[in-house]
Amino acid sequence: RDMESQVIDELSASTSSLLLSTGGGVVLREQNRRHLHERTQVFYLDCTPEAIAARLRNDVTRPLLQVEDPALRLRELLLQREPLYLETAHFVIQTSGLSVAQAAQRIRMQAELA
């Protein structure tokens, strides 16, 4: 998490155009939320825990989801993190049921309006 915060600080201070995809836990540190909100445009890709669990059903690389009921764990994480996501975000994009291409199109459309 320390390295993550350092990278967020450095990249968010850059004047270069870039797309930064963070992990869900990035919002746990107030400094990260502040840097992201004040220095960038943040898109919160909102998705139901059930849809996330379905997308990640074969993923064994996420330690927090290596539990009997990943959807339940995701609901718990969302209860904790969603207020932080909303605090940080400038835009909320609902992605449940969307393909990657559809979600990217919605993000692009919103970015063009901003």
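As a reminder, the structure under discussion sits directly above these lines.
Computed from a predicted model, the values in this text were never measured in an experiment.

Asks: Mind showing me how you'd approach the pairing of strand β2 (residues 91–94) here?
Replies: Here β2 shows one buried face, formed by Phe91 and Ile93, and one open face, formed by Val92 and Gln94. Summarising the sheet, strand β1 (residues 43–46) and β2 pair through four bridges and their orientation is parallel. Across the sheet, Phe43 pairs through a bridge with Phe91, a residue of β2.

Asks: What exactly am I supposed to notice about helix α1 (residues 2–13) here?
Replies: Given 3.6 residues to a turn, an α-helix orients residues that are three or four positions apart in the same direction. Given a rise of 1.5 Å per residue, 12 residues ought to cover 16 Å, and the 17 Å separating the end C-alpha atoms of α1 matches this to within 8%. What α1 keeps buried is the set Ser5, Ile8 and Ser12. Mapping the buried residues of α1 onto a view down its axis gives an arc of 60°, with all of them on the same face. Structural note: α1 exposes Asp2 and Met3 on the side pointing more than 90 degrees away from its buried face. Turning to α1, the residues buried within the fold contact α2 (30–39).

Rules behind the numbers
Residues numbered from 1 in each chain as written. Predicted model: local features only at pLDDT ≥ 70, side-chain atom pairs only at ≥ 80, totals over all residues. Heavy atoms only, no water. Buried < 20%, exposed > 50% of the residue type's maximum accessible area, 1.4 Å probe, protein only. Helix = DSSP H or I, 4+ residues; strand = E, 2+ residues; numbered from the N terminus. Pairing = 2+ DSSP bridges. Expected span 1.5 Å × (residues − 1). Arc of directions from axis to C-beta. Contact = heavy atoms within 4.5 Å.

The values reported here are purely geometric and, on their own, carry no functional implication.
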